[in-house]
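Descriptive structure summary
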Amino acid sequence: MTRIRSPKFQAKVMNADDAAAFIKNGDNIGVSGFTGAGYPKVLPGALADRIKAAQARGEEFRVGLYTGASTAPELDGVLAETGGLSYRTPYQSDPYMRNAINKGISDYNDIHLSHSGPQVRQGFHGPLGVAIVEVTAITEDGDLIPSSSIGNNNVYLDCAERIILEVNSWQSTGLEGMHDLYYGTQLPPNNVPIPITSPGDRIGQTTLRVNPDKVVAVVETDDADRNTPFKPLDEDSMAIAGYFLDFLKNEVKQGRIPKSLLPLQSGVGNIANAVLAGLLHSDLENLTSYTEVIQDGMVDLIDSGKLKVASATAFSLSPEYAVKMNDHAAEYRKSIVLRPQEISNNPEPIRRMGVISCNGLIEADIYGNVNSTHIMGTKMQNGIGGSGDFTRNAFISCFVTPSVAKDGDISCIVPMVSHHDHTEHDVMVVITEQGLADVRHLAPRKRARVIIENCAHPDYKDALLDYVDRAEKASALHTPHLLREALSWHARFVETGTMKA
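Right, let's walk through the structure included here. (Residues numbered from 1 in each chain as written. Predicted model: local features only at pLDDT ≥ 70, side-chain atom pairs only at ≥ 80, totals over all residues. Heavy atoms only, no water.)

1. Describing the packing of helix α15 (residues 444-455) against helix α16 (residues 458-474)
Packed helix pairs are specified by the crossing angle of their axes together with the interaxial distance, meaning the distance between the axes. Orientation of α15 relative to α16, taken along the N-to-C sense of each, is 170 degrees, at an axis distance of 9 Å. The pairing of α15 with α16 is recorded here as roughly antiparallel in orientation. In terms of crossing hand, the pair formed by α15 and α16 is left-handed. Here Arg445, Ala448, Arg449, Ile452 and Glu453 of α15 come into contact with α16, specifically with Lys461, Leu464, Leu465, Val468, Asp469 and Glu472. Taken together, the residues of the contact of α15 with α16 sort by class into 5 nonpolar, no polar and 6 charged. (Axes fitted to C-alpha atoms, helices over the stretch in contact; angles between N-to-C directions. Helix = DSSP H or I, 4+ residues; strand = E, 2+ residues; numbered from the N terminus. Parallel < 35°, antiparallel > 145°, perpendicular 65-115°, else oblique. Left-handed = near helix turned anticlockwise from the far one by under 90°. Contact = heavy atoms within 4.5 Å. Nonpolar A, V, L, I, M, F, W, Y, C, P; charged D, E, K, R; others polar.)

Structure follows, in C-alpha coordinates:
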(Lines give C-alpha, C1' and ligand atoms only; values in the text may rest on other atoms or scores of the structure.)
Protein backbone atom coordinates (compact mmCIF):
# COMPACT_ATOMS: atom_id res chain seq x y z
CA MET A 1 0.00 0.00 0.00
CA THR A 2 1.36 3.41 -0.93
CA ARG A 3 2.40 5.78 1.83
CA ILE A 4 1.11 8.69 -0.29
CA ARG A 5 -2.64 8.37 0.09
CA SER A 6 -3.62 11.78 -1.29
CA PRO A 7 -4.05 11.98 -5.11
CA LYS A 8 -2.99 15.63 -5.03
CA PHE A 9 0.41 14.65 -3.61
CA GLN A 10 0.75 11.52 -5.77
CA ALA A 11 0.78 13.84 -8.79
CA LYS A 12 3.91 15.58 -7.41
CA VAL A 13 6.07 12.46 -6.98
CA MET A 14 9.47 12.74 -8.69
CA ASN A 15 13.07 11.67 -8.22
CA ALA A 16 15.49 13.51 -5.94
CA ASP A 17 17.45 15.17 -8.76
CA ASP A 18 14.32 16.73 -10.21
CA ALA A 19 13.16 17.84 -6.77
CA ALA A 20 16.54 19.44 -6.02
CA ALA A 21 16.08 21.67 -9.07
CA PHE A 22 13.56 23.68 -7.05
CA ILE A 23 16.38 24.84 -4.75
CA LYS A 24 18.13 28.01 -5.86
CA ASN A 25 21.39 29.74 -5.08
CA GLY A 26 20.92 31.93 -1.99
CA ASP A 27 17.99 29.95 -0.59
CA ASN A 28 17.67 29.35 3.12
CA ILE A 29 16.57 25.76 3.64
CA GLY A 30 14.78 24.39 6.70
CA VAL A 31 15.14 20.62 6.99
CA SER A 32 13.78 17.98 9.33
CA GLY A 33 16.15 16.04 11.54
CA PHE A 34 17.12 15.88 15.19
CA THR A 35 20.00 13.75 16.60
CA GLY A 36 20.21 11.54 13.53
CA ALA A 37 16.47 10.84 13.41
CA GLY A 38 13.92 11.86 10.80
CA TYR A 39 16.22 13.82 8.48
CA PRO A 40 15.79 13.79 4.67
CA LYS A 41 17.93 11.00 3.23
CA VAL A 42 18.15 11.58 -0.54
CA LEU A 43 17.48 15.28 -1.22
CA PRO A 44 20.70 16.50 0.47
CA GLY A 45 22.87 14.31 -1.78
CA ALA A 46 21.02 15.52 -4.87
CA LEU A 47 21.44 19.11 -3.70
CA ALA A 48 25.17 18.51 -3.10
CA ASP A 49 25.51 17.26 -6.68
CA ARG A 50 23.70 20.37 -7.90
CA ILE A 51 26.06 22.61 -5.92
CA LYS A 52 29.16 20.82 -7.23
CA ALA A 53 27.91 21.00 -10.82
CA ALA A 54 27.43 24.76 -10.46
CA GLN A 55 30.91 25.11 -8.99
CA ALA A 56 32.37 23.16 -11.91
CA ARG A 57 30.78 25.73 -14.24
CA GLY A 58 32.36 28.53 -12.22
CA GLU A 59 29.01 29.58 -10.75
CA GLU A 60 28.31 30.38 -7.11
CA PHE A 61 25.78 28.14 -5.37
CA ARG A 62 25.50 28.61 -1.62
CA VAL A 63 22.57 28.02 0.70
CA GLY A 64 21.74 28.49 4.37
CA LEU A 65 20.79 25.40 6.37
CA TYR A 66 18.41 25.29 9.36
CA THR A 67 17.60 22.03 11.16
CA GLY A 68 16.04 20.85 14.38
CA ALA A 69 19.41 19.83 15.79
CA SER A 70 22.21 17.51 14.62
CA THR A 71 21.50 15.28 11.64
CA ALA A 72 23.79 12.77 9.88
CA PRO A 73 26.59 12.52 7.30
CA GLU A 74 24.03 12.15 4.49
CA LEU A 75 22.82 15.68 5.26
CA ASP A 76 25.27 17.87 7.18
CA GLY A 77 28.30 15.96 5.93
CA VAL A 78 27.59 15.89 2.18
CA LEU A 79 26.54 19.54 2.11
CA ALA A 80 29.44 20.78 4.24
CA GLU A 81 31.94 18.95 2.02
CA THR A 82 30.84 21.03 -0.98
CA GLY A 83 31.71 24.31 0.74
CA GLY A 84 28.29 25.47 -0.38
CA LEU A 85 26.77 26.17 3.04
CA SER A 86 26.83 29.88 3.80
CA TYR A 87 25.04 29.59 7.15
CA ARG A 88 24.14 26.87 9.65
CA THR A 89 21.90 26.89 12.72
CA PRO A 90 21.04 25.83 15.46
CA TYR A 91 23.06 22.67 16.38
CA GLN A 92 25.36 20.25 14.57
CA SER A 93 27.74 17.40 15.36
CA ASP A 94 29.19 16.42 11.97
CA PRO A 95 33.01 16.54 11.56
CA TYR A 96 32.84 18.05 8.05
CA MET A 97 30.34 20.64 9.23
CA ARG A 98 32.51 21.40 12.26
CA ASN A 99 35.53 21.86 10.00
CA ALA A 100 33.63 24.23 7.70
CA ILE A 101 32.54 26.28 10.71
CA ASN A 102 35.99 26.50 12.28
CA LYS A 103 37.62 27.41 8.94
CA GLY A 104 35.10 30.21 8.40
CA ILE A 105 33.61 28.60 5.29
CA SER A 106 30.17 28.46 6.92
CA ASP A 107 28.86 31.02 9.39
CA TYR A 108 27.39 29.25 12.41
CA ASN A 109 24.78 30.73 14.74
CA ASP A 110 24.76 28.61 17.90
CA ILE A 111 21.40 29.46 19.45
CA HIS A 112 19.21 27.80 22.05
CA LEU A 113 16.91 25.24 20.47
CA SER A 114 13.85 26.85 22.07
CA HIS A 115 14.78 30.16 20.40
CA SER A 116 15.30 28.77 16.91
CA GLY A 117 11.67 28.22 15.90
CA PRO A 118 10.37 31.61 17.08
CA GLN A 119 13.31 33.38 15.42
CA VAL A 120 12.50 31.70 12.10
CA ARG A 121 8.86 32.72 12.51
CA GLN A 122 10.01 36.32 13.05
CA GLY A 123 12.02 36.19 9.84
CA PHE A 124 15.07 37.06 11.91
CA HIS A 125 17.35 34.78 9.85
CA GLY A 126 15.93 35.95 6.53
CA PRO A 127 13.24 34.42 4.31
CA LEU A 128 12.93 30.64 4.31
CA GLY A 129 12.96 29.57 0.69
CA VAL A 130 12.52 25.82 1.01
CA ALA A 131 11.47 23.26 3.62
CA ILE A 132 12.63 19.65 3.13
CA VAL A 133 10.79 17.42 5.59
CA GLU A 134 10.77 13.65 6.00
CA VAL A 135 7.42 12.09 6.84
CA THR A 136 6.16 8.56 7.40
CA ALA A 137 3.08 8.97 5.21
CA ILE A 138 0.61 11.43 3.73
CA THR A 139 -3.05 10.92 4.62
CA GLU A 140 -6.00 10.97 2.25
CA ASP A 141 -6.78 14.51 3.46
CA GLY A 142 -3.23 15.71 2.82
CA ASP A 143 -2.00 15.81 6.41
CA LEU A 144 1.52 14.57 7.17
CA ILE A 145 2.31 11.72 9.56
CA PRO A 146 5.68 12.66 11.09
CA SER A 147 8.59 10.25 11.28
CA SER A 148 11.13 9.68 14.07
CA SER A 149 11.63 13.34 14.95
CA ILE A 150 9.65 16.56 14.85
CA GLY A 151 12.12 19.29 15.81
CA ASN A 152 11.26 22.47 13.92
CA ASN A 153 9.28 20.72 11.15
CA ASN A 154 6.03 22.52 11.91
CA VAL A 155 7.80 25.88 11.82
CA TYR A 156 9.54 25.20 8.50
CA LEU A 157 6.33 23.91 6.89
CA ASP A 158 4.52 27.06 8.03
CA CYS A 159 7.19 29.52 6.93
CA ALA A 160 8.76 28.11 3.75
CA GLU A 161 7.89 29.44 0.32
CA ARG A 162 8.33 25.99 -1.26
CA ILE A 163 8.10 22.52 0.33
CA ILE A 164 9.68 19.20 -0.66
CA LEU A 165 8.51 16.09 1.17
CA GLU A 166 10.44 12.86 1.56
CA VAL A 167 8.09 9.97 2.28
CA ASN A 168 10.17 7.26 3.96
CA SER A 169 8.76 3.72 4.01
CA TRP A 170 11.53 2.60 6.40
CA GLN A 171 9.81 4.58 9.14
CA SER A 172 7.25 2.50 11.02
CA THR A 173 3.56 3.03 10.34
CA GLY A 174 3.18 2.36 14.05
CA LEU A 175 4.48 5.88 14.69
CA GLU A 176 1.09 7.25 13.69
CA GLY A 177 -0.52 8.60 16.84
CA MET A 178 2.75 9.01 18.80
CA HIS A 179 3.14 12.68 17.89
CA ASP A 180 1.47 15.66 19.51
CA LEU A 181 1.44 18.71 17.25
CA TYR A 182 0.31 21.79 19.14
CA TYR A 183 -0.56 24.76 16.96
CA GLY A 184 -1.44 27.19 19.75
CA THR A 185 1.94 28.92 20.00
CA GLN A 186 2.14 32.41 18.52
CA LEU A 187 4.57 35.26 18.59
CA PRO A 188 4.16 37.93 21.30
CA PRO A 189 1.97 39.75 22.11
CA ASN A 190 -0.49 37.05 21.05
CA ASN A 191 1.17 34.09 22.75
CA VAL A 192 -0.82 32.09 25.31
CA PRO A 193 0.14 29.62 28.09
CA ILE A 194 0.99 26.09 26.94
CA PRO A 195 -1.63 23.81 28.58
CA ILE A 196 0.79 21.09 29.72
CA THR A 197 0.68 20.17 33.41
CA SER A 198 2.36 16.74 33.21
CA PRO A 199 4.73 15.12 30.67
CA GLY A 200 2.09 12.81 29.20
CA ASP A 201 -0.47 15.51 28.38
CA ARG A 202 -1.57 15.56 24.76
CA ILE A 203 -2.66 19.03 23.69
CA GLY A 204 -2.58 18.96 19.88
CA GLN A 205 -3.18 16.78 16.84
CA THR A 206 -1.24 13.75 15.65
CA THR A 207 -0.40 15.08 12.17
CA LEU A 208 1.44 18.01 10.63
CA ARG A 209 -0.47 20.59 8.65
CA VAL A 210 0.78 21.60 5.23
CA ASN A 211 -0.45 23.94 2.53
CA PRO A 212 -0.59 21.64 -0.53
CA ASP A 213 -0.11 24.58 -2.89
CA LYS A 214 3.37 25.13 -1.45
CA VAL A 215 4.43 21.50 -1.99
CA VAL A 216 6.47 21.40 -5.20
CA ALA A 217 7.79 17.84 -4.99
CA VAL A 218 7.35 14.53 -3.19
CA VAL A 219 10.21 12.03 -3.13
CA GLU A 220 10.01 8.43 -1.94
CA THR A 221 12.76 6.66 -0.04
CA ASP A 222 13.28 3.67 2.25
CA ASP A 223 16.65 4.62 3.77
CA ALA A 224 17.15 4.06 7.50
CA ASP A 225 18.00 6.70 10.07
CA ARG A 226 21.73 6.93 10.79
CA ASN A 227 21.84 5.71 14.37
CA THR A 228 25.08 5.56 16.37
CA PRO A 229 25.78 2.77 18.89
CA PHE A 230 26.38 3.78 22.48
CA LYS A 231 29.69 2.79 24.03
CA PRO A 232 29.56 -0.02 26.60
CA LEU A 233 29.20 1.19 30.17
CA ASP A 234 32.59 1.72 31.80
CA GLU A 235 33.57 2.22 35.43
CA ASP A 236 33.64 6.01 35.20
CA SER A 237 30.16 6.20 33.63
CA MET A 238 28.73 3.85 36.23
CA ALA A 239 30.37 5.83 39.04
CA ILE A 240 28.87 9.08 37.72
CA ALA A 241 25.45 7.42 37.47
CA GLY A 242 25.81 6.13 41.02
CA TYR A 243 26.57 9.55 42.47
CA PHE A 244 23.61 11.04 40.59
CA LEU A 245 21.23 8.39 41.88
CA ASP A 246 22.48 8.78 45.45
CA PHE A 247 21.86 12.51 45.13
CA LEU A 248 18.28 11.98 43.90
CA LYS A 249 17.54 9.53 46.70
CA ASN A 250 18.83 12.03 49.27
CA GLU A 251 16.61 14.73 47.78
CA VAL A 252 13.67 12.36 48.31
CA LYS A 253 14.83 11.61 51.85
CA GLN A 254 15.07 15.33 52.63
CA GLY A 255 11.51 15.84 51.37
CA ARG A 256 12.53 18.19 48.57
CA ILE A 257 11.16 16.01 45.76
CA PRO A 258 8.59 13.16 45.71
CA LYS A 259 9.56 9.49 45.70
CA SER A 260 8.66 9.28 42.01
CA LEU A 261 11.05 12.22 41.52
CA LEU A 262 10.15 15.07 39.16
CA PRO A 263 10.20 14.87 35.35
CA LEU A 264 13.69 13.98 34.17
CA GLN A 265 15.63 15.51 31.30
CA SER A 266 18.65 13.68 29.94
CA GLY A 267 21.14 15.09 27.45
CA VAL A 268 22.49 13.09 24.54
CA GLY A 269 25.47 10.76 24.80
CA ASN A 270 27.08 7.82 26.50
CA ILE A 271 27.22 9.22 30.03
CA ALA A 272 23.61 10.36 29.89
CA ASN A 273 22.63 6.91 28.70
CA ALA A 274 24.62 5.38 31.59
CA VAL A 275 22.64 7.51 34.04
CA LEU A 276 19.43 6.09 32.57
CA ALA A 277 20.86 2.57 32.96
CA GLY A 278 21.53 3.39 36.61
CA LEU A 279 17.90 4.35 37.09
CA LEU A 280 16.90 1.00 35.62
CA HIS A 281 18.70 -0.83 38.42
CA SER A 282 17.53 1.48 41.19
CA ASP A 283 14.48 1.11 43.40
CA LEU A 284 12.93 4.30 41.98
CA GLU A 285 9.59 3.81 40.23
CA ASN A 286 6.69 5.66 38.59
CA LEU A 287 9.12 7.98 36.83
CA THR A 288 8.35 10.49 34.08
CA SER A 289 10.51 12.35 31.59
CA TYR A 290 10.18 15.71 29.85
CA THR A 291 13.22 15.90 27.60
CA GLU A 292 14.54 16.31 24.06
CA VAL A 293 15.41 12.78 22.98
CA ILE A 294 14.45 9.20 23.72
CA GLN A 295 17.64 7.14 24.15
CA ASP A 296 18.20 3.39 24.63
CA GLY A 297 18.19 3.69 28.40
CA MET A 298 14.80 5.38 28.35
CA VAL A 299 13.35 2.57 26.23
CA ASP A 300 14.65 0.07 28.78
CA LEU A 301 13.02 2.06 31.58
CA ILE A 302 9.71 1.99 29.73
CA ASP A 303 10.05 -1.77 29.18
CA SER A 304 10.69 -2.29 32.89
CA GLY A 305 7.60 -0.31 33.87
CA LYS A 306 9.68 2.16 35.90
CA LEU A 307 9.16 4.99 33.39
CA LYS A 308 5.47 5.68 32.87
CA VAL A 309 5.73 8.32 30.17
CA ALA A 310 8.41 10.12 28.20
CA SER A 311 7.91 13.37 26.29
CA ALA A 312 10.54 14.41 23.73
CA THR A 313 10.97 15.74 20.20
CA ALA A 314 13.02 12.89 18.68
CA PHE A 315 14.67 9.52 19.10
CA SER A 316 18.41 9.07 19.55
CA LEU A 317 18.73 5.30 19.44
CA SER A 318 21.42 2.76 18.68
CA PRO A 319 20.87 0.69 15.49
CA GLU A 320 19.58 -2.23 17.57
CA TYR A 321 17.07 -0.09 19.44
CA ALA A 322 15.99 1.72 16.27
CA VAL A 323 14.91 -1.64 14.84
CA LYS A 324 13.17 -2.44 18.10
CA MET A 325 11.29 0.87 18.01
CA ASN A 326 10.29 0.34 14.40
CA ASP A 327 8.97 -3.13 15.19
CA HIS A 328 7.02 -2.06 18.26
CA ALA A 329 6.20 1.63 17.70
CA ALA A 330 2.47 1.00 18.05
CA GLU A 331 3.07 -0.29 21.59
CA TYR A 332 5.54 2.42 22.60
CA ARG A 333 3.21 5.23 21.53
CA LYS A 334 1.21 4.52 24.69
CA SER A 335 4.20 5.76 26.72
CA ILE A 336 5.97 8.17 24.35
CA VAL A 337 4.90 11.61 23.13
CA LEU A 338 6.92 13.38 20.42
CA ARG A 339 6.39 17.16 20.27
CA PRO A 340 7.78 20.13 18.32
CA GLN A 341 10.96 21.43 19.93
CA GLU A 342 9.35 24.82 20.56
CA ILE A 343 7.22 22.83 23.05
CA SER A 344 9.67 20.15 24.26
CA ASN A 345 12.30 22.81 25.02
CA ASN A 346 9.98 25.62 26.06
CA PRO A 347 11.14 27.22 29.34
CA GLU A 348 7.64 27.73 30.75
CA PRO A 349 6.51 24.07 31.15
CA ILE A 350 10.08 23.06 32.12
CA ARG A 351 10.02 25.53 35.01
CA ARG A 352 6.43 24.85 36.01
CA MET A 353 6.73 21.04 36.11
CA GLY A 354 10.03 21.22 38.01
CA VAL A 355 12.19 19.27 35.57
CA ILE A 356 15.46 17.77 36.86
CA SER A 357 18.04 18.33 34.11
CA CYS A 358 21.19 16.29 33.49
CA ASN A 359 23.58 17.36 30.72
CA GLY A 360 27.17 16.81 29.64
CA LEU A 361 29.94 19.38 29.30
CA ILE A 362 33.41 20.01 27.93
CA GLU A 363 34.73 21.70 31.06
CA ALA A 364 33.52 23.25 34.30
CA ASP A 365 35.41 25.74 36.40
CA ILE A 366 35.83 25.87 40.15
CA TYR A 367 32.99 28.38 40.53
CA GLY A 368 30.47 26.35 38.57
CA ASN A 369 30.60 27.99 35.16
CA VAL A 370 30.26 25.49 32.31
CA ASN A 371 31.60 25.34 28.76
CA SER A 372 29.52 23.03 26.57
CA THR A 373 30.60 24.11 23.11
CA HIS A 374 34.20 25.23 22.54
CA ILE A 375 37.61 23.55 22.61
CA MET A 376 40.24 25.85 24.13
CA GLY A 377 37.78 28.72 23.86
CA THR A 378 37.97 29.09 20.09
CA LYS A 379 37.07 25.92 18.17
CA MET A 380 33.40 25.00 17.94
CA GLN A 381 32.67 21.40 18.83
CA ASN A 382 28.91 20.85 18.43
CA GLY A 383 26.87 23.65 19.96
CA ILE A 384 24.76 24.39 23.01
CA GLY A 385 21.71 22.50 21.76
CA GLY A 386 18.94 22.42 24.32
CA SER A 387 21.13 22.27 27.42
CA GLY A 388 20.56 25.96 28.13
CA ASP A 389 16.79 25.64 27.76
CA PHE A 390 16.72 23.01 30.49
CA THR A 391 19.59 24.18 32.72
CA ARG A 392 18.34 27.70 33.29
CA ASN A 393 14.77 26.58 33.92
CA ALA A 394 15.25 23.31 35.79
CA PHE A 395 14.19 22.76 39.38
CA ILE A 396 17.57 21.08 39.83
CA SER A 397 20.22 21.47 37.12
CA CYS A 398 23.00 18.87 36.95
CA PHE A 399 26.09 18.45 34.78
CA VAL A 400 27.99 15.19 34.36
CA THR A 401 31.48 14.61 32.97
CA PRO A 402 34.60 12.51 33.45
CA SER A 403 37.11 14.50 35.48
CA VAL A 404 39.77 14.27 32.74
CA ALA A 405 39.98 13.98 28.95
CA LYS A 406 42.66 13.04 26.39
CA ASP A 407 43.92 10.12 28.52
CA GLY A 408 44.35 12.38 31.52
CA ASP A 409 46.21 15.19 29.75
CA ILE A 410 43.31 17.61 30.20
CA SER A 411 41.43 18.35 33.41
CA CYS A 412 37.72 18.91 32.88
CA ILE A 413 37.72 20.96 36.10
CA VAL A 414 39.67 24.17 35.52
CA PRO A 415 40.19 27.53 37.28
CA MET A 416 38.22 29.40 34.60
CA VAL A 417 36.35 27.97 31.63
CA SER A 418 37.70 29.05 28.25
CA HIS A 419 34.16 29.77 27.02
CA HIS A 420 30.99 30.44 29.03
CA ASP A 421 27.74 28.71 28.03
CA HIS A 422 26.12 28.19 31.45
CA THR A 423 26.95 30.58 34.26
CA GLU A 424 27.43 29.74 37.92
CA HIS A 425 23.94 31.18 38.53
CA ASP A 426 22.34 28.29 36.62
CA VAL A 427 24.55 25.32 37.55
CA MET A 428 23.51 23.58 40.75
CA VAL A 429 25.22 20.17 40.73
CA VAL A 430 28.47 18.98 39.11
CA ILE A 431 29.26 15.26 38.98
CA THR A 432 32.37 13.37 37.86
CA GLU A 433 33.57 9.83 38.55
CA GLN A 434 35.40 11.35 41.55
CA GLY A 435 32.24 12.58 43.27
CA LEU A 436 29.42 15.11 43.39
CA ALA A 437 29.38 18.80 44.25
CA ASP A 438 26.03 20.27 45.27
CA VAL A 439 26.71 24.00 45.18
CA ARG A 440 23.18 25.37 45.43
CA HIS A 441 23.76 26.96 48.82
CA LEU A 442 27.40 28.01 48.52
CA ALA A 443 29.11 31.35 48.03
CA PRO A 444 31.90 31.31 45.38
CA ARG A 445 34.86 30.68 47.71
CA LYS A 446 33.21 27.70 49.36
CA ARG A 447 31.87 26.51 46.02
CA ALA A 448 35.40 26.38 44.58
CA ARG A 449 36.73 24.12 47.32
CA VAL A 450 33.75 21.76 47.18
CA ILE A 451 34.04 21.34 43.41
CA ILE A 452 37.79 20.74 43.62
CA GLU A 453 37.63 18.31 46.56
CA ASN A 454 34.66 16.35 45.21
CA CYS A 455 35.03 16.46 41.42
CA ALA A 456 38.64 17.12 40.36
CA HIS A 457 40.95 14.27 39.40
CA PRO A 458 43.75 13.60 41.94
CA ASP A 459 46.38 14.52 39.33
CA TYR A 460 45.00 18.08 39.25
CA LYS A 461 43.52 18.56 42.69
CA ASP A 462 46.65 19.96 44.41
CA ALA A 463 47.29 22.42 41.59
CA LEU A 464 43.69 23.67 41.71
CA LEU A 465 43.76 24.05 45.50
CA ASP A 466 47.06 25.90 45.25
CA TYR A 467 45.51 28.22 42.68
CA VAL A 468 42.59 28.98 45.02
CA ASP A 469 44.88 29.58 48.00
CA ARG A 470 47.01 32.06 46.09
CA ALA A 471 44.02 33.77 44.48
CA GLU A 472 42.44 34.33 47.89
CA LYS A 473 45.68 35.79 49.30
CA ALA A 474 46.11 38.08 46.31
CA SER A 475 42.67 39.65 46.56
CA ALA A 476 39.75 40.16 48.86
CA LEU A 477 37.25 39.79 46.07
CA HIS A 478 33.99 37.87 46.03
CA THR A 479 35.26 35.48 43.32
CA PRO A 480 39.07 35.28 43.66
CA HIS A 481 41.00 34.82 40.42
CA LEU A 482 44.52 35.13 39.09
CA LEU A 483 43.41 35.91 35.56
CA ARG A 484 46.72 35.45 33.78
CA GLU A 485 47.33 32.12 35.48
CA ALA A 486 43.74 30.94 34.95
CA LEU A 487 44.17 31.42 31.22
CA SER A 488 47.57 29.72 31.29
CA TRP A 489 45.90 26.40 32.12
CA HIS A 490 44.56 26.32 28.58
CA ALA A 491 47.71 27.80 27.04
CA ARG A 492 49.79 25.08 28.71
CA PHE A 493 47.91 22.37 26.83
CA VAL A 494 48.37 24.19 23.53
CA GLU A 495 52.13 24.43 24.17
CA THR A 496 52.86 21.02 25.74
CA GLY A 497 49.83 18.80 25.02
CA THR A 498 49.04 18.46 28.73
CA MET A 499 47.72 20.61 31.55
CA LYS A 500 49.91 18.85 34.09
CA ALA A 501 52.61 20.91 35.72
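2. A closer look at the environment of Asn346
In this structure, Asn346 sits in the loop between α12 (341-344) and α13 (347-353). In this structure Asn346 comes out as buried when scored by relative accessible area, which is 17%. Put simply, Asn346 and Ile194 are 152 residues apart on the chain and 9.1 Å apart in space, counted from C-alpha to C-alpha. Sequence-distant contacts of Asn346, that is, excluding residues within four places in its chain, are made with Ile194 and Gln341. A polar atom in the side chain of Asn346 sits 3.0 Å from the backbone nitrogen of Glu348. (Buried < 20%, exposed > 50% of the residue type's maximum accessible area, 1.4 Å probe, protein only. Polar contact = N/O pair within 3.5 Å; in protein donor to acceptor, adjacent residues only side chain to side chain.)

3. With respect to the side chain of Lys306
Mapped onto the elements, Lys306 comes out in the loop between α10 (296-304) and β12 (307-312). Here Lys306 is buried and forms no salt bridge, its nearest opposite-charge partner Glu285 lying at an N-O distance of 4.4 Å. Setting aside residues up to four positions removed in sequence, Lys306 forms contacts with Leu279, Leu280, Ser282, Asp283, Leu284, Glu285, Asn286, Leu287 and Leu301. (Lys, Arg positive; Asp, Glu negative; His and termini not counted. Salt bridge = Lys/Arg side-chain N within 4 Å of Asp/Glu carboxyl O.)

4. Describing the pairing of strand β8 (residues 215-221)
The element β8 is extensively covered by neighbouring structure, given that 6 of its 7 residues are classed as buried. Of the pairings in the sheet, the one linking strand β7 (residues 162-168) to β8 comprises 6 bridges and is parallel in character. Directly across from Ile164, in β8, lies its bridge partner Ala217. (Pairing = 2+ DSSP bridges.)

5. Some points on α15
Between its terminal C-alpha atoms α15 stretches 16 Å, which fits the 16 Å expected from 12 residues at 1.5 Å a residue. Inspection of α15 places Pro444, Arg447, Ala448, Ile451, Ile452 and Cys455 among the buried residues, and these make up the whole buried set. Down the axis, α15 shows its buried residues gathered within 125 degrees of arc, on one side only. As for α15, its buried residues are in contact with β16 (363-365), β23 (413-414), β24 (429-432), β25 (435-438) and α16. (Expected span 1.5 Å × (residues − 1). Arc of directions from axis to C-beta.)

6. Thoughts on the side chain of Thr71
Tracing the backbone shows Thr71 in the loop between β2 (63-66) and α4 (73-82). Separated by 2.8 Å, the side chains of Thr71 and Asp76 make a polar contact. Not counting the four nearest positions on each side in its chain, Thr71 is found in contact with Ser32, Gly33, Thr35, Gly36, Tyr39 and Asp76.

7. Focus: the environment of Thr313
Checked against the element boundaries, Thr313 lands in the loop between β12 and β13 (314-315). Judged by its relative accessible area of 0%, Thr313 is buried. A distance of 2.9 Å separates a polar side-chain atom of Thr313 from the backbone nitrogen of Gly151.

8. Regarding unusual backbone geometry
Each neighbour pair has its own omega, and for Thr89 with Pro90 the value is 0 degrees, a cis peptide bond. With an omega of 10 degrees, the peptide bond between Pro188 and Pro189 qualifies as cis. Summarising the element assignment, Pro189 is placed in the loop between β7 and β8. Phi at Thr35 takes a positive value of approximately 50 degrees, unusual for a residue other than glycine. Checked against the element boundaries, Thr35 lands in the loop between β1 (28-31) and α3 (43-56). Backbone geometry places Leu261, a non-glycine residue, at a positive phi of 65 degrees. Note that Leu261 resides in the loop between α8 (235-253) and β9 (264-266).

9. Some remarks on the pairing of β25
Strand direction decides the pairing type here: β24 and β25, joined by 4 bridges, are antiparallel. In the strand pairing of β25, Thr432 is matched with Gly435. In sequence, β24 turns back onto β25 through a hairpin of 2 residues.

10. Points about the pattern of salt bridges
All chains considered together, the criterion is met by 23 salt bridges. Among the ionic pairs, Arg121 bridges to Glu342, the shortest N-O distance being 2.9 Å. Of the two residues, Arg121 sits in helix α6 (residues 113-122) while Glu342 sits in helix α12, which places them 221 residues apart along the sequence. In this structure Glu342 comes out as buried when scored by relative accessible area, which is 6%. Linking Arg440 and Glu251 is a salt bridge whose minimum nitrogen-to-oxygen distance equals 2.9 Å. Here Arg440, found in the loop between β25 and α15, pairs with Glu251, found in helix α8; they are 189 residues apart in sequence, far enough to count as distant. Three or more residues joined by partner-sharing salt bridges are found here, namely Glu251, Arg256, Asp438 and Arg440.

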